[in-house]
Amino acid sequence: MEVIVARDYDEMSRVAANIIKDEIIKKPDMVLGLATGSTPKGMYRELIGYYNRGELDFSNIITFNLDEYVGLDKEHPSSYHHFMNDIFFDHINIGLENTHVPDGKAQNLEEYCKQYDRLIKEKGGIDLQVLGVGENGHIGFNEPDEELNMDTSIVELTESTIEVNSRFFESIDEVPKTAITMGMNGIMQARKIILMANGKRKAPIIRRIVNGMKLTTRLPVSLLMLHHDFTIIVDEEAYNG
Ligand code: GLP
């Protein structure tokens, strides 16, 4: 595990975007695993900047997002579909047919989850997975629990995640209680993983990771320490508290 401490949020975003840029230059048809939330917004902004300056071409890139709320339309302003289009895909030269965000309104959700994993495999597997981390140690929507899912699954959100994520909704009652998320195996199969965290809120969980915590399903992020190419990029606030 490598830990990069950036001065602030902007520098963290630049470092992450640079890693992605290097990977895209090495493999212009790479499969990129993407995350939503507040953390990666600056990284997307940097990548859009590269595209605008003619330094990156996304036309052959394939993306898979980690998760989506169950029951939200793609157009719903709080859906991860909407987030990805609005924050990133609408601003670069990627064909929307090459982007995949789980469909939280799929008819048969269980079958859909299997299809999602099959599709990732068919496309050659994820080359680089971008992650954020929940304050409770969740990754994607893999919430702390006694057991964790291997594959893409439907999961119940914890009260704390519903509360933290309610800032993206008009009221807490609107936050869906269930979500679809890539499982731990799907994430761990990525050839390279980068995880970003910024701000004081993330300091307790980051401190545990960088201090070499033990593995526990109670903190899904801890399993990433088993990955052979795992980089954490944090700002000073998340690092020092
Ligand atoms: C959300 C998402 C995660 C994200 C995490 C942190 O619930 N499902 O994929 O990494 O919580 O979010 P933020 O970046 O807004 O702190």
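Residues numbered from 1 in each chain as written. Predicted model: local features only at pLDDT ≥ 70, side-chain atom pairs only at ≥ 80, totals over all residues. Heavy atoms only, no water.

A.B. asks: Before we go on, may I ask you to explain helix α7 (residues 203-210) in this structure?
C.D. replies: In an α-helix, one turn spans 3.6 residues; hence positions three or four apart end up facing the same way. Buried residues of α7: Ala203, Ile205, Ile206 and Ile209, and no others. Angularly, the buried residues of α7 cover 160 degrees about the axis, an arc narrow enough to put them on a single face. In this fold, the buried residues of α7 make contact with β9 (192-197), β10 (230-235) and α8 (236-240). Glycine 212 occupies a position one or two residues after α7 and carries a positive phi of about 70 degrees. (Buried < 20%, exposed > 50% of the residue type's maximum accessible area, 1.4 Å probe, protein only. Helix = DSSP H or I, 4+ residues; strand = E, 2+ residues; numbered from the N terminus. Arc of directions from axis to C-beta. Contact = heavy atoms within 4.5 Å.)

A.B. asks: Looking at this model, I keep getting lost on the nonpolar core. Mind explaining?
C.D. replies: Soluble, globular proteins show a tendency: their nonpolar side chains are buried together. Formed by 40 residues in total, the largest nonpolar core has its most connected members in Ile20, Met43, Leu47, Phe58 and Phe88. The set of elements that each furnish at least two residues to this core consists of α1 (9-26), β2 (31-34), α2 (41-52), α3 (80-87), β6 (128-131) and β9. No other element matches α1, which puts 6 residues into this core. The residues contacting phenylalanine 88, other than those within four sequence positions of it, are Leu34, Tyr44, Leu47, Ile48, Phe58 and Phe83. Membership of the second largest hydrophobic core comes to 36 residues, among which are Ile62, Ile126, Met182 and Leu195. (Core = buried A, V, L, I, M, F, W, Y, C linked by side-chain atoms within 4.5 Å.)

A.B. asks: For this particular structure, what's the right way to read the sheet that holds strand β1 (residues 2-6)?
C.D. replies: One key point about sheets: their strands pair by backbone hydrogen bonds, in either a parallel or an antiparallel sense. Strand order in this open sheet of 7 strands is β1-β10-β9-β6-β2-β3-β5, and the pairing throughout is parallel. Looking at strand neighbours, the two that pair on one side only are β1 and β5 (99-100), the edges of this open sheet. One ladder, built from 5 bridges, connects β9 with β10; its direction is parallel. By the bridge assignment for β10, alanine 197 is matched with valine 234. Sheet contacts for helix α4 (residues 109-122): β3 (62-65) and β5; angle to β3, the most-contacted strand, approximately 150 degrees. (Pairing = 2+ DSSP bridges. Axes fitted to C-alpha atoms, helices over the stretch in contact; angles between N-to-C directions.)

A.B. asks: Where do I start with the packing of α1 against α2 in this structure?
C.D. replies: The relative placement of two packed helices is expressed as an angle between their axes plus a distance between the axes. Direction vectors running N to C along α1 and α2 enclose 55 degrees, while the axes themselves pass 8 Å from each other. Overall, the two elements α1 and α2 adopt an arrangement that is oblique. Where α1 crosses over α2, the two elements pack in a sense that is right-handed. Residues Tyr9, Asp10, Ser13, Arg14, Ala16, Ala17, Asn18, Ile20 and Lys21 of α1 form the contact with α2, whose participating residues are Lys41, Gly42, Met43, Arg45, Glu46, Leu47 and Tyr50. (Parallel < 35°, antiparallel > 145°, perpendicular 65-115°, else oblique. Left-handed = near helix turned anticlockwise from the far one by under 90°.)

A.B. asks: Help me understand the pattern of salt bridges, please; the structure alone is not making it clear to me.
C.D. replies: One side chain can pair with another of opposite charge once the charged atoms of both are near each other. As enumerated under the stated definition, the model contains 13 salt bridges in all. Here glutamate 55 and arginine 53 are joined by a salt bridge, their closest N and O atoms 3.0 Å apart. As a salt-bridge pair, glutamate 135 and arginine 201 come within 2.1 Å of each other at their nearest N and O atoms. Taken together, the residues span a long stretch of sequence, with glutamate 135 in the loop between β6 and β7 (153-156) and arginine 201 in the loop between β9 and α7 at a distance of 66 residues. Overall, arginine 201 belongs to the partly exposed group, its relative accessible area being 45%. (Salt bridge = Lys/Arg side-chain N within 4 Å of Asp/Glu carboxyl O.)

A.B. asks: Would you explain the side chain of aspartate 103 in this entry?
C.D. replies: Relative to the helices and strands, aspartate 103 resides in the loop between β5 and α4. This buried residue, aspartate 103, is left without a salt bridge; lysine 74 holds the nearest opposite charge, at 4.6 Å. Within the local environment of aspartate 103, its side chain forms a polar contact with the backbone nitrogen of lysine 105, the two atoms lying 2.8 Å apart. Setting aside anything within four residues of it in sequence, one finds aspartate 103 in contact with Lys74, His81, Leu109, Tyr112 and Ile180. (Lys, Arg positive; Asp, Glu negative; His and termini not counted. Polar contact = N/O pair within 3.5 Å; in protein donor to acceptor, adjacent residues only side chain to side chain.)

A.B. asks: Explain the pairing of β7 to me, please; I cannot follow it from the model alone.
C.D. replies: Regular strands have side chains that alternate between both faces of the sheet. Side chains Ser153 and Val155 of β7 all project onto a buried face; the interleaved residues Ile154 and Glu156 project onto a face where none is buried. As judged from the 4 bridges shared by β7 and strand β8 (residues 178-181), these two strands associate in the antiparallel manner. Bridging across to β8, glutamate 156 finds its partner in threonine 178.

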